[in-house]
Structure formats: structure tokens, C-alpha cells
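As a plain string of letters, each chain reads:
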Amino acid sequence: MSRNTFVRYCLPCFLLFQLLMTRLFAQVSVQQLLTENRTNPIGLDVTIPRLSWQLATVKRNVMQTAYEIRVSTDAASVAKGTSWQSGRVASEQSVHVPYGGAALQPSQRYYWQVRVWDNTSPKPSAWSTPAFWQTGLMNAANWKAKWIQQGFPGDSVHSPSPLFRKAFATSKKVRSAVLYMTAHGIYEAQINGKRVGDAYLTPGWTSYNQHLQYQTYDVTTLLNQGQNAIGVTLGSGWYRGRMGWADQKNIYGNQLALLGQLAITYADGSSETISTDESWKSSTGPIRFSEIYDGEVYDARLEKTGWTLSAYADADWSGIMVKPFGYANLVANYNELIRRHETVKPVKVLTTPKGKTVLDFGQNLVGWVQLRVTGKAGDKVVLSHVEMLDKFGNPYLENLRTAKAQATYLLKGGTETLEPHFTFFGFRYVQVDGLTGPINPADFTAVTLYSDIPKTGEFATSNPLINQLQSNIQWGQRGNFLDVPTDCPQRDERLGWTGDAEVFSRTAAFNFGVNSFFTKWLKDVSADQFPNGAVPFVIPDVLRGPNPSMAGAAGWSDAGIIIPWNMYVAYGDRRLIEQQYASMKAYQGYMESVAKNDLWSEGFQFGDWLSFVTTEGSPAFEAKSAFTDVHLVAQCFYAYSTDLMRKTATVLGKTDDAAHYTALLERIRKAFQQAYMTPTGRLISDTQTAYVLALQFDMLPENLRPQAVDRLVDNVKKYENHLTTGFLGTPFLCPVLSRFGRTDVAYKLLLQDTYPSWLYPVKMGATTIWERWDSMKPDSTFQSPSMTSFNHYAYGAVGDWMYRTITGIDTDETKTGYKHTIIRPHPGGGFTSAEASLKTYYGTVRSGWKRASDALTMTVEIPANTTATIYVPAKNAEAVQEGGKPLGASGLTAAGTESGYVQIKVGSGVYTFTSSGF
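These numbers come from a predicted model, not from an experiment.

Participant: Can you walk me through the overall build of the chain in this structure?
Facilitator: Counting secondary structure elements, the chain contains 15 helices and 46 strands. The principal-axis extent of the C-alpha atoms belonging to the chain is close to 85 × 75 × 70 Å. For the chain, with 918 residues in total, the buried portion stands at 60%. For the chain, the exposed area adds up to about 34000 Å²; of that, 51% sits on carbon and sulfur atoms.

Participant: What should I look at first to understand the pattern of salt bridges in this one?
Facilitator: Where charged atoms of side chains with opposite charge meet at close range, the side chains can pair. Overall, the coordinates contain 46 salt bridges when judged by the stated rule. Salt-bridge contacts for E882 lead to R60; the nearest nitrogen and oxygen are separated by 2.9 Å. Here the residue E882 occupies a position in strand 42 (residues 880-882), and R60 occupies one in the loop between strand 3 (50-56) and strand 4 (64-72), the gap between them amounting to 822 residues. Residue classification places E882 among the buried positions, given a relative accessible area of 5%. The partner of D657 in a salt bridge is K585, with the nearest N and O atoms 3.2 Å apart. Placement of D657 in helix 9 (residues 655-676) and of K585 in helix 7 (residues 574-594) is noted, with a sequence separation of 72 residues between them. Among the charged side chains, a salt-bridge network with shared partners connects R401, D487, R491, D492, E493 and E771.

Participant: I'm lost on the sheet that holds strand 42 in this one. Help?
Facilitator: Backbone-to-backbone hydrogen bonds pair the strands of a sheet. The strands run either parallel or antiparallel. The antiparallel open sheet is built from seven strands, whose spatial order is 33-38-39-40-46-42-43. Edge positions in the sheet fall to strand 33 (457-461) and strand 43 (885-886), since each of these pairs with one other strand and no more.

Participant: Teacher, can you tell me more about the pairing of strand 44 (residues 894-898) here?
Facilitator: The two faces of a sheet get side chains in turn, since along a regular strand they alternate between them. Of the pairings in the sheet, the one linking strand 44 to strand 45 (residues 901-906) comprises four bridges and is antiparallel in character. Residue pairing in the sheet places E898 in a bridge with Y901 of strand 45. Taking the residues that link successive antiparallel strands as the turn, the strand 44-strand 45 hairpin has two residues, and the phi of S899 there is positive, at about 50°.

Participant: Looking at this structure, how should I read the environment of S270?
Facilitator: Counting through the fold element by element, S270 comes out in the loop between strand 18 (257-266) and strand 19 (271-275). A relative accessible area of 24% places S270 in the partly exposed class. Placed 96 residues apart in sequence, S270 and V174 show a C-alpha to C-alpha distance of 9.7 Å. What S270 contacts, discounting residues up to four positions off in sequence, is K172, I264 and T265. Among the polar contacts listed, one links the side chain of S270 to the side chain of K172, at a separation of 2.6 Å. Within polar-contact distance, the side chain of S270 engages the side chain of D268 at 2.6 Å.

Participant: Help me understand the packing of aromatic side chains in this model?
Facilitator: What characterises a pair of aromatic rings is the spacing of the ring centres plus the angle enclosed by the ring planes. Summed over the entire model, instances satisfying the criterion amount to 61 aromatic pairs. Measuring from centroid to centroid gives 5.4 Å for W84 and Y99, while their planes differ by 80°, and the two rings are edge-to-face. Placement of the pair is W84 in strand 5 (residues 84-85) and Y99 in the loop between strand 7 (97-98) and strand 8 (109-118), with a sequence separation of 15 residues. Comparing W84 with Y99, the two get one shared label, buried. Members of the aromatic cluster, joined through ring pairs, are W245, W497, F537, W556, F604, F606, W609, F727, W758, W773 and Y795. A cation over a ring is seen here: R195 above Y200, with NZ or CZ 4.0 Å from the ring centre. In this arrangement the basic side chain of R544 is found over the ring face of F530, its NZ or CZ atom lying 3.8 Å from the centre.

Participant: Teacher, can you tell me more about the sheet that holds strand 7 here?
Facilitator: Spatially, the three strands line up as an open sheet ordered 1-3-7, and their pairing is antiparallel. Each edge of the sheet is formed by a strand with only one pairing partner; in this case those strands are strand 1 (29-35) and strand 7. The pairing of strand 1 with strand 3 spans five bridges and is classified as antiparallel. For T35, the partnering residue across the bridge sits in strand 3 and is L51.

Participant: Would you take a moment to explain the environment of Y590 for this structure?
Facilitator: Positionally, Y590 belongs in helix 7. For Y590, a relative accessible area of 12% translates into the label buried.

Participant: Quick question: what am I supposed to make of the side chain of Q149 here?
Facilitator: Following the sequence through the fold, Q149 ends up in strand 10 (residues 147-150). Apart from the residues lying within four places of it in its own chain, the contact partners of Q149 are F164, Q255, L256, A257, I320, M321, K323 and F325.

Participant: Even after reading the chapter, I still don't get the layout of surface pockets, so can you show me in this structure?
Facilitator: Rolled over the atoms, a probe sized like a water molecule indicates the empty space that remains. By volume, the largest pocket is sized at about 1200 Å³. Taken together, 40 residues make up the lining of the largest pocket; nearest its centre are Q696, P735, R739, R804 and D810. Going through the elements one at a time, helix 4 (498-511), helix 6 (559-571), helix 8 (630-651), helix 12 (730-739), helix 15 (798-806), strand 36 (809-811) and strand 41 (867-873) are the ones with two or more residues in the lining of the largest pocket. The element that contributes the greatest number of residues to the lining of the largest pocket is helix 12, accounting for six residues. Here the second largest pocket defines a volume of roughly 870 Å³. Around the second largest pocket sit 42 residues that line it, and Q54, K839, T840, G843 and T844 are the ones nearest its centre. Among the elements of the structure, helix 1 (3-25), strand 1, strand 3, helix 5 (515-527), helix 6, strand 38 (833-839), strand 40 (855-862) and strand 46 (909-915) are those that each provide at least two residues to the lining of the second largest pocket.

Participant: Please explain the nonpolar core as it appears in this structure.
Facilitator: The nonpolar side chains of soluble globular proteins are, as a tendency, buried together. W238, L469, V514 and L750 are the most contacted members of the largest nonpolar core, which totals 223 residues. Looking at which element gives the most residues to this core, the answer is helix 8, with 11 residues. Setting aside its immediate chain neighbours within four residues, L469 contacts L750, W758, L759, V762, I769, V798 and M802. Core analysis: the next-biggest nonpolar cluster, separate from the first, contains 27 residues, L179, V232, Y266 and I320 among them.

Participant: Help me understand unusual backbone geometry, please; the structure alone is not making it clear to me.
Facilitator: In most cases, non-glycine residues show a negative phi, while peptide bonds are predominantly trans. Residue P540 is reached from I539 by a cis peptide bond, and omega for that bond is -5°. Mapped onto the fold, P540 is located in the loop between helix 5 and helix 6. For the bond from Y755 to P756, the omega torsion is -5°, close enough to zero to count as cis. If you trace the backbone, P756 turns up in the loop between helix 13 (743-751) and helix 14 (759-763). Within the chain, M138 stands out as a residue other than glycine whose phi angle is a positive 75°. Within the element layout of this structure, M138 appears in the loop between strand 9 (131-135) and strand 10. At S780, a residue that is not glycine, the phi angle is positive and equals roughly 70°. For S780, the location among the structural elements is in the loop between helix 14 and helix 15.

Participant: Just to check I follow, could you spell out helix 10 (residues 688-696) for this structure?
Facilitator: Since the α-helix packs 3.6 residues into each turn, any two residues three or four apart lie on the same face. For helix 10, the buried fraction is high: eight of the nine residues fall into the buried class. Taken together, the buried positions of helix 10 are Q688, T689, A690, Y691, V692, L693, A694 and L695. Considering only its buried residues, helix 10 is in contact with helix 8, helix 9, helix 11 (705-718) and helix 12. Backbone geometry just downstream of helix 10 places D698 in the positive-phi region, at approximately 55°.

Participant: Sorry if this is basic, but what is going on with the packing of helix 7 against helix 8 here?
Facilitator: Angle between the axes and distance between the axes: these two values describe a pair of packed helices. Their axes nearest at 10 Å, the elements helix 7 and helix 8 cross at an angle of 140°. Regarding the angle of helix 7 to helix 8, the classification is oblique. In terms of crossing hand, the pair formed by helix 7 and helix 8 is left-handed. Residues R574, I577, Y581, M584, K585, Q588, M591 and E592 of helix 7 form the contact with helix 8, whose own contacting residues are Y638, S641, T642, M645, T648, A649 and V651. A per-class count over the contact of helix 7 with helix 8 returns eight nonpolar, four polar and three charged.

Participant: What is the right way to read the packing of helix 6 against helix 8 from this model?
Facilitator: Where helix 6 meets helix 8, the axes come as close as 10 Å, and the angle between the chain directions of the two elements is 45°. The angle between the axes of helix 6 and helix 8 places the two elements in the oblique class. In terms of crossing hand, the pair formed by helix 6 and helix 8 is left-handed. Across the interface between the two elements, I561, I562, W565 and Y568 from helix 6 touch F637, Y640, S641, L644, M645, K647, T648 and V651 from helix 8.

How each quantity is defined
Residues numbered from 1 in each chain as written. Predicted model: local features only at pLDDT ≥ 70, side-chain atom pairs only at ≥ 80, totals over all residues. Heavy atoms only, no water. Helix = DSSP H or I, 4+ residues; strand = E, 2+ residues; numbered from the N terminus. Buried < 20%, exposed > 50% of the residue type's maximum accessible area, 1.4 Å probe, protein only. Areas by Shrake-Rupley, 256 points an atom, 1.4 Å probe, with all protein chains shown as cover. Salt bridge = Lys/Arg side-chain N within 4 Å of Asp/Glu carboxyl O. Pairing = 2+ DSSP bridges. Contact = heavy atoms within 4.5 Å. Polar contact = N/O pair within 3.5 Å; in protein donor to acceptor, adjacent residues only side chain to side chain. Phe/Tyr/Trp six-rings, centres within 6.5 Å; stacked < 30°, edge-to-face > 60°. Lys NZ or Arg CZ within 6 Å of the ring centre and 35° of its normal. 1 Å grid on protein atoms, 1.4 Å probe; cavity = no way out; pocket = protein on both sides within 12 Å on 5 of 7 lines; lining within 4 Å. Points joined across faces, edges and corners; volume = space filled by probe spheres on them. Core = buried A, V, L, I, M, F, W, Y, C linked by side-chain atoms within 4.5 Å. Axes fitted to C-alpha atoms, helices over the stretch in contact; angles between N-to-C directions. Parallel < 35°, antiparallel > 145°, perpendicular 65-115°, else oblique. Left-handed = near helix turned anticlockwise from the far one by under 90°. Nonpolar A, V, L, I, M, F, W, Y, C, P; charged D, E, K, R; others polar.

Have a look at this one:
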């Protein structure tokens, strides 16, 4: 072989082999350092933050045996661990490890490193690259700023957005500068003409009167040595804009206000604080109106050029008013902020039958459109946002109800780039009015906005319709996880409906990292809970009345129990259920108080919301509408929440509570059987939902469950393999069928593509999940515009079954957060392949399979410091190979066989199984 031939063909392979060997035999390293679930967070008020890390290795069966952490307030001395040295701690724990040093100081940056020992070597790993966290103000006493309001009169809702500014000087070299800021309303800040941070719609939406979040920014690079200026614009946002359907305004207050302080530390160690106070000035600018539902009016002719620069002349600006709002409700921002994400260009420029110009962005999304436009001063351009075109090709406005959803611009003349500031829209189509001549689609860019939750899950199959369904599920989550889990992003609602969030929470935790997102929202569940324990239907509760009449419905209000448990299982976050336990117990107490003889049969219930109802144009089923008795549904969820309270109390060591809930659960089930079941097991509601919930929550005696499964399967057949479930039955329909050995029926339901089904909207061109099974009917007309959203994620809860069953990635409730993973795929449905991956706190879990004739290939990846039980579809252990070798030759043993699976227990690593005769 010539030298050139070797270099060309053999050397690359040799180098690749060498790289692989290096990874296989190198010492374990540590990566992905997180503090309170985030990378290098700034502004934490958590007094005992928790630290997490990953072991980076592809070797098999690697388990951490010990760790050592060191923390310092000085990056240069982190190796000395001046704030805390844990010493060598014999432990497998690498997730949510609590800081154990001295009490944290406010406004302080802490640097930390970790190294680990593992079971493959007596030597520790190298110390990790340092990470850090920075504390916030920690308590109210550290606020020096004063709340300020504009110094001129204005309408409490419709007035222009106020501007606030202050010029100041720094006479010495700046070592660091940190800005703390919040508002009554929404704010955007600039320093010396540059935007502060990359977040939008801050400070987000909380139950403001109970707790208002402030944000912390490192603005060191924005300051000059010498003259500086800071400017802030406010918008009404959720604080005083209208919310709900009854033209409710000023829910939290009727005047906007600003609070901020800039802490400057100079190179010589001295410090100075620039705070909102009497020295600030106020005015108005180009934002003449801004509101969540109706949009924004921006008059570029009124821009105040350079108003956030120190040289700007502000002699004609007004003073401000100082208000004594106090600091008691202020808390540091805990969850991920809203940021810009994907950008989308129009895929078509359409002319409607009415002669209007409409841009089709090809994807239903949430955010706004950035416009580049050339025109004369005073020209008016209006962008109207809609989700759909009607059957004639005109924008469908009716489902927006009273929301205008418009961005209006008055041009200053010349070429300018414009976008909104304090609003957002749910749309796929945008009608453009006010431009003359042909539209250039390159001048329009849709910008998505949603909470900066990291994407964690991927799922794909050999079926393109199912892949589109998965895309629709994830896009629906993007658009509706905008600081709170909203029900829809387009109409005059956009509220944090508890039922929607509850049914979707497990699916949400696969697609994106939502631990902190839900932790923040659950604080508002507690804050807005009624004294009798009832949980409102929307959180934050902007529908609140004088009594709990808008609270306490099954499947909605028990989101306060179900979501904390789901997050605990998905993330292993014990602190969350500790913090929420009082709230969980209070709602459980509410249910016990309204139940008579352990039967919840009174009061308002949503029931199985939006289940199948026969309408003109529906399939010619023999059966009629699938209505399930609302109190049967309530009793099932009463049992569900009681069971979760039993589990939660057990985890937290609350033995008396656990015993109480265990006994109560049995009484609830007996009460269900007496009220809703005949002696032979027939339920009073002969619907899919009734049998699904009764089976899911073990409401039936064990000997009567097989007949209930048969009744469920017969019901599916009666509807010609169509589902008829609503919000509460749908999430459990396929899981129940799989649990009782009828995954074949679950696949038929999943793959059904006529109404009602998951794939019917996909076949109709949906790019998100619809609110109703027939939000658009087969004849391209629409359901009732009073409640027809085309971006409403609840029915996307089927994603949880797809991930946990088709590809088989499941959790172990005894070793939560994927410390131990169960891999049990269910090949079927005519699929030739399916694959999913999930980024956990430990690393990536992956499961995929391919079928060819009677052979199956299955690839599994398990991260270091975890274990897994893998179920390989096969008749017996002799039919299974790993890495092309029999199990024994590959170092694995079968732990047993079960219902067509060979069970294998493994540690970390990548495994490729093949089975024949499948």
C-alpha cells in the first residue's frame, strides 16, 4: 500500500478509532453544571441553592461513588474553596445537591467547581470548569430605590407608554455594574442607547399582589467612564390591561410604575447606587397604545432620538411621582424569561377574494412580525394577525372574539424597521394594509416569543403524519408556554387554565425542560388558592369573584396536586413537593369537605370538557354524543389526587397523612362502585372516558377490569376506531389500552385520520394542536367562534403515550428524575421505525427501534450515574443478541421474561439489541 493510499483511506479510520478509544478509556469528566436548574444564573434569592452536574463518558456501567464541591466568591480563588469545601462525600447524588456553606450574601457572585470519583477508577476526575451563580437582593431591606410613576396625567388603560430617564456620571473606572428592575406593567430598559438584556415582556406575569418578580442584569459592559444615561419604557401588559371576557381592566392597579436600582462597584473597591427616585424625569414617546389582546399603535414620528443617551436634552420632560408601594411582595426571578427564538419568513403572498394582501408564514406561531418598510411621514401600515383563512380564502377574524390583534405603525418617512414591544399575537396569516405596490416577502419576518425553556425531547417515526403531530405538539407548547401555561395565544383570553396545564404536564416535561417554569407557576397556585383550599380555574386568577364559585372543579383545580407530583417524577425535584405540600393538602381537604360519604357528587364540574358531540357533517356513527356524567369524572379524579397525596406524603415521611389517604382512597373507590357501577361492572355512562378513567385509577374491582376493557374496546369499534374523549379522558385513553394489553387498538386510534382523531387536524393542514377535534370541519367551515382556538395544546397530551409507549422511555417512581429508566417499547401500528431521546439532568436517554421482516433492532443509550431496565421484544433470551453477540458473551444477562419481552438490567452505555422471530 502506498503512503498516499494509507493517508487517504486508512488514516481517517485510524484517527477515528483512536478518538473512540480515548473516549472509552479516558478518566470520567464532569460537565453541564447547573445551579437551581440553570446555567450560571444571575439574581437568585434561594438561600440554599442546589447544584447539579453530569458525568461525561460513553463507558458502560459507570456510577459516581463520591463527589467534592468547592465554592468561592472570587474566581481566582475558587480552587481554595474559601466559601465552602464539601470534602469528599461518598454519594451517587449528582442532581439537586444542596449548597452547604456559610449563609449567602446579597448581590454576590459565587464560583463553584466539582470533581467526582466513579466505580471504574480510584482516582478522581479533573475539577470541572468553574460555573457560578449570583445572588439577588435577598430581602426587602436591600432595596434602596423608590417606586416612581409618570409625572403627567394619563388614561389608566389607553394612554401612551410612559418613558423614564436619568442621566448620571461615573468618575472612576467601573469594575462591575448590576441592575435590579421590576415594574407595575411591562418594562424595557436601555443604558447609553443599548438594550438591557435579551428578555421580553418582563417582569412576566404572576399574582402581582402576592409576589412580583424582579430581574437582575449584569450591565458592566454598557456603562461608560464618565457620562451615562438610563431609560425605561413601560407598557400596560397583564397588570392593568384588560383580561378575560367581561372587559375587565386594572385588575392589579390602574397606574404603571417603575422600580430599579443600579449597583456600581468601582475598580478601587468603592461603590455607588443609582436608583429610581425624585431625580428621574418622565415623558411619552412613539408607543401610543399597547395592550395584550388588541396589539400596539406605534407612531414613529414621535420617536425621541437619543433619549437614553446622556447628552439628550430633557428640559421639557415632566418630573415623576414617588409612590409608597413597598417591597414586601418582591421576589427574584426564578423561571426562564421570555425570549426571541425561531424566525420565520412568509411562504406565500396571497390576494384574498376581497382584494386584501395576506402573508402566509406556513406555521401557526406566537410572537410578532418585524417589518422593514419604506414610506412617507404619516403613512399608516396595519398588520392584522389571524390563525386561519376561511373556506373562501379571507382572514378568519371571528375566533379572536373582541381581540383586535393588530400592530399599527405610523411612519416617520424613509426606510425603517419596526416591531411591537408590549404585546404578542397567535397567528399564521397576517393581513397587510396601507402599503402600496407589490409586497416583498423578504421585508417581513415572524419572530417567535416564548419562555426560554430548553428543548429536551425528540421523537420521530417512519410515519410522516405522526411526525407532523409531534411537531404540532411542540409548536403548541412553544406558543402557550409564555411565562404561564396559557390555554390559547390569539383571542381575548390567553389565561393560565389549570385543566389544560394539568393534562399536558407530563408531555410538556418530555419536550422541554419545565421544572422551573412550573415551579414558578405553582407558587401562584398557592398564592391564589381560596381559604377553603379550592384552587381557581385560571392561575394567575384574573376571574376571581368574592367566593370560590370559579374554583374547585375536578381535573382543573387538582392541577395543584397532579403537576407537583408529575414534576417530582420527571425531575426528581423533592423540594418542589415540599414547598407545595401545604397547598396540595389544602386542596385535598377541600375535596374531602365537599364530598358526602366519600362521594363527590355536588357542585359545578367541567367534566370531560369538549368530548365528542354529534353535529351536522359528523360521521354516521350509530352512537350519539359521548357525554360522561360529570360527577363520575369528579369521583375518579378525587381518587387520582388522593392516591398522589398518599404517594407524596410517603415520600416526605408524613406517615399519618399517608395512612389517612390510603384509607380514604379505598372508601372513594367503594363509593364510586356503589354510585356509578352495576354489579356486573357496567358504568352508568357507557363512554370511552368513563371506562378509561375507571381503569386508569383502579376504580373497579380487579376481577371486573377485564370486562371493562372489553367494553372500552367495543365502544371504540362502535365509533369505527374513533376516539370520543374530551380534555380529561384523552390523556389516558391510549395508556389504558396499552396497560391492559390492547396497544393494537391504541395504534388504530392514533392512526385514525378522520374526525374525531389526532390526525384529522394534521390532514386538514394543522401546524399546532386544535382546541376542538373539529375546530375546522371537513367542509372547511369552523366550529363556534366563541370557543375555537387553533393553538390549544391539551389534546397534545397523547405525546406522553407516544414517548413512553411507542419508543418506551419511561420513569421509575421509586428512582425519580430518570435515575433509573424503564425502556419498554411497543412496536406496532405498521411503523418500521421509531426513535426518541430525552435530555435528563444526568445526560441523554435514547431509545429507538427498527423492524425488518421478523427481526427487530433496538438501540438504547443510558447516561452515566444511572441504571435502566430494558425490555427487548422477543420470545426468549436465546432470540436476543447485543452488539452481534449472545447476551452472555456481551456481558449481559436476562433478568426474566414477561409478556413477550426479555428483561435486561443495565448501567450506562450504548446498547444495540437484535431479536429474531419477533
